[in-house]
Amino acid sequence: MKILFVDDERDVEALFRQKFRKEIKSGELELAFAFSGKEALEILGAENPPKFVYVFSDINMPGMSGLQLLEEIKSRFPMMRVSMISAYGDSENYDKAISSGAKGFFTKPVDFERLKEEIAALNEGS
Amino acid sequence: MKGHRGFQMRLSRRVGFLAAFFNLLTVLVSPAQTAEGLTSELRKFENSPGFESDTTYLNKANELGFLLAESNPDSSLVFLNSTILLCREASYKKGEAEALKIYGNALQNTGDFKGSIEHYNTALAIASEIPGEKQVPGILNNIGLVNYYLGNHTQALNNFYDAIKRADLTNNANVKAAAINNVAMIYFEQGKLTEAKEKYRETLAIYQAINNPGRVILAYNNIGDVELRQNNPLEALNTLKIGYRAALELKSPEFIEMTSRTLADIYSALDSLDKAEALFRESISMSRENGYGVPQAHSLIGLADLYYKKGKLAEASGFAKEGLQQAESMAQPMLIRNANELLSRIYEEEGNFAEALQSFKLFKLFNDSINTSQAQRLTASLEAEYEFSKRELEYEKASLRQKWIIFSTIAGLIAFLIILFVGNQNKNRLNKAYHALQEKTAEIEIKNEKLEKALDQLKATQVQLIHAEKMASLGELTAGIAHEIQNPLNFVTNFSELGSDMVQELREERARKPEEQDQSLQDEILADIQVNLDKINHHGKRADSIVKGMLQHSRTSSGEKLPTDINALANEYLRLSFHGLRAKDKTFSADFHTDLDPNLPKAEIVAQDISRVLINLFNNAFYACANAEFRKENPDVKPMVELSTKLVGDTDRRQIQITVSDNGPGIPSAIADKVFQPFFTTKPSGQGTGLGLSLSYDIVKAHGGELKLKSKPGELTTFTIFLPV
Ligand SMILES: [Mg+2]
């Protein structure tokens, strides 16, 4: 199961790789990281349809913002699951994300348990 | 309104026309000479041997050079240079000073003010060596004019003042009048009409005394101008009638055109529309015939206004458009503004609201820029006036003292004689004189105090404005700061959580039987814990430096320069600016890119000052390329701000170059040289103090560096900071 994380902060990679160390080791999960919206689209567009089952994206990034990325992904790959992870949990961001088709909305610092549950639910569903 | 407008228009003519005029003054020895006549006279000389050192020849060459410098400044330089060298070889000091001054005139006419002043100063040095120092006042007056054009009012008034004093000493009435005229010009610009009129009257008296009919007309014209601006059209009418009549007698097209134009303004203010029309038409036809571009534009707009008053909109519109076109080709902002204002009223009355709005927008644009530059000039002239008055008072005091010495000597003598006859009389007289002097001194002191107070207020206001600017830029920062602290704190939270998990896992692993323990897993967990601790440390420091930076920004600068990593500083503030704008405006979207030279040495700077410069440049850059209006009009442009650093220059003079570019609309060259002036802003009112770039400029200068602007409208804008290493 491939999951893509998008964030302009590079340390996000170390964070999630550690958190999901066991799952990665067992081959249950495969993680990829993009550090801008543009890079995320390149990674997703490399295969059609993409092998990824879920995208988690930051909102506040230079260049394309996470909300713009969300719209772009939804127009290109309408079935792709996308959730936002942002330091700004205000209603304006939340409403915009949900109305643009985001599956979930997580605030930073990340609640790992909620995130794990969300990913675990994927397995049950599939 | 009408009178006021007339005056501002007159002012630009006054500056352009009179200044050129008063440059000439001291040299006009034989007035009716033509360049052709002088050239042929010089040819004749050149047939006799040793002509190069003949002072008559050299004087003639200067006369020709003078005419060439006015008519064809660019190509005159070669000839002027040869005259300078000939005079130098002939050790003809007077001729050399004159030739250098004329060279300065030519440079001034080409717009090279710096070179002009240099040549005037050399001329001044030589002229001061010659007994009598006859040329000194004229040169001082010319230096004053250049300073005036450069906006150095203090300097200019000081120069004029010296010129007047020196002209007095050498009985040079022409130069004295010219310099007084220039002082009047500045008073006029400051709106000190009573003083301006008084000074113009002084010039009138001088020109009458030395019987110079042209300048007498000019003086009447200027006095009438002032009276019209003082809302005394009837008085102005009387004054101008004298001037106009004299101009007709003199048969000089220049003066006839000038006085008829002023007269037309006066009649227009008096609502004598027919008379005004006839005079405007006279001015227009004379201007057309003789190529007086600015006067023509003025009178066309004046005529259009008359027709508008009469309700004849078609004619009004025709003349206004023609006037506007003429004003645009002569690059006269005041006239362009007035023409657009009139046109918007005409269009409105015609029911053409789209055009009316268009003209009104243009009117507003020019009006704003004129008002801004006037406010700046006023601030500058207030300080200038203070300096000037101080010197005037000193002079008054000095001459009073002198008079007092002479008076008391004479009084002493008389007293000595009279004392034999009338015991007490002289004492009374002396007492009276003494009291008069005391009163005068007290008056001077009061005046002095008032001016000092005004200056203090001015300085206090300035301090307040600087403080306001600083607080405004801190306000713009707070949102960015919140974000930039939030991010590292999130990492601290998450990495420490992970750390606890790892410790827990390790404990569980070690609780197993020794033979079941996985050694490599334990090593892996320990390595991860180490990574986490490093990350926590790194992000903790990151938050720390943001907070320190913020405190530093709000603190008053200690002024101490410390070695600073420019790359880190610039990068930090770029992020602060970006996240600040992003947090304030959810729709804000822009990209940034950095290209930082890893080999940059540290620079000795006051970090909180330079950081203010940087935040200013970044905010401006993001605003320029990502503001809603620009994005709506240019949907294809991806807003992008680029920061780059580089080490430039020779090994003995290395500089750090910091560039901040944006791909916004660019800055039109017309306002490019204004962006560093205080109170200049293109943002909607209330959104910028207009001090940001001006303070930035001062800060960089104070570091011995430079702040430069380069812009290609429609493509990009680049601000470059140079800092010495
Ligand atoms: Mg981010």
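Higher on the page you've got the structure.
Heads up: these notes are all about the structure in this document.

Rules and cut-offs
Residues numbered from 1 in each chain as written. Chains lettered and ligands numbered in written order. Predicted model: local features only at pLDDT ≥ 70, side-chain atom pairs only at ≥ 80, totals over all residues. Heavy atoms only, no water. Pairing = 2+ DSSP bridges. Helix = DSSP H or I, 4+ residues; strand = E, 2+ residues; numbered from the N terminus. Axes fitted to C-alpha atoms, helices over the stretch in contact; angles between N-to-C directions. Contact = heavy atoms within 4.5 Å. Buried area = accessible area lost by both parts, 1.4 Å probe. Salt bridge = Lys/Arg side-chain N within 4 Å of Asp/Glu carboxyl O. Polar contact = N/O pair within 3.5 Å; in protein donor to acceptor, adjacent residues only side chain to side chain. Nonpolar A, V, L, I, M, F, W, Y, C, P; charged D, E, K, R; others polar. Parallel < 35°, antiparallel > 145°, perpendicular 65-115°, else oblique. Phe/Tyr/Trp six-rings, centres within 6.5 Å; stacked < 30°, edge-to-face > 60°. Lys NZ or Arg CZ within 6 Å of the ring centre and 35° of its normal.

## Concerning the sheet that holds strand β5 (residues 655-662) of chain B
All names here are of chain B. In spatial order, the strands read β2-β4-β5-β7-β6; together these five strands make up an open sheet with mixed pairing. Edge strands, defined here as strands with exactly one partner in the open sheet, are β2 (591-595) and β6 (706-712). Sheet twist, expressed as the average angle between the axes of neighbouring strands with direction ignored, equals 15°. In this structure, strand β4 (residues 640-648) lies alongside β5, joined through eight bridges in antiparallel fashion. Bridging across to β5, Leu 647 finds its partner in Ile 656.

## Some details on the interface of chain A and chain B
Many analyses report the size of an interface as the accessible area lost when the parts associate. In this complex, chain A contributes 26 residues to the contact, which on the side of chain B involves 33 residues. Counting each side, the surface lost to burial between chain A and chain B is near 2,500 Å², with a carbon and sulfur contribution of 49%. The interface formed by chain A and chain B contains eight salt bridges. For B:Asp501, the salt bridge identified is with A:Lys19, shortest N-O distance 2.7 Å. Counting every contact that joins chain A to chain B gives 14 residue pairs in polar contact (both at pLDDT 80 or more). Among the elements of the structure, α1 (11-19), α2 (21-25) and α5 (91-99) of chain A are those that each provide at least two residues to the side of chain A that touches chain B. Ranked by the residues each element gives to the side of chain A that touches chain B, the list is headed by α1(A), at six residues. Across the side of chain A that touches chain B, the residue classes tally to eleven nonpolar, five polar and ten charged.

## Some points on the packing of helix α3 (residues 55-71) of chain B against helix α5 (residues 93-110) of chain B
Residues and elements named next belong to chain B. One way to put it is that α3 packs onto α5 with a least axis distance of 8 Å and a crossing angle of 10°. Considered as vectors, α3 and α5 are oriented roughly parallel to each other. Touching Asn 62, Gly 65, Phe 66, Ala 69 and Glu 70 of α3 are Gly 95, Glu 98, Ala 99, Ile 102, Asn 105, Ala 106 and Asn 109, all from α5. Of the residues in the contact of α3 with α5, the class split is five nonpolar, five polar and two charged.

## Focus on the packing of aromatic side chains
Residues and elements named next belong to chain A. Per the counting criterion, the structure on display carries 19 aromatic pairs over all chains. Counting every residue linked through ring pairs, the aromatic cluster contains Phe 5, Phe 16, Phe 20, Phe 33, Tyr 54, Phe 56, Phe 106 and Phe 112. If you follow Lys 2 out to its NZ or CZ, it ends over the ring of Phe 52, 4.8 Å from the centre. Here Arg 10 stacks its cationic end above the ring of Phe 35, 4.1 Å away from the centre of that ring.

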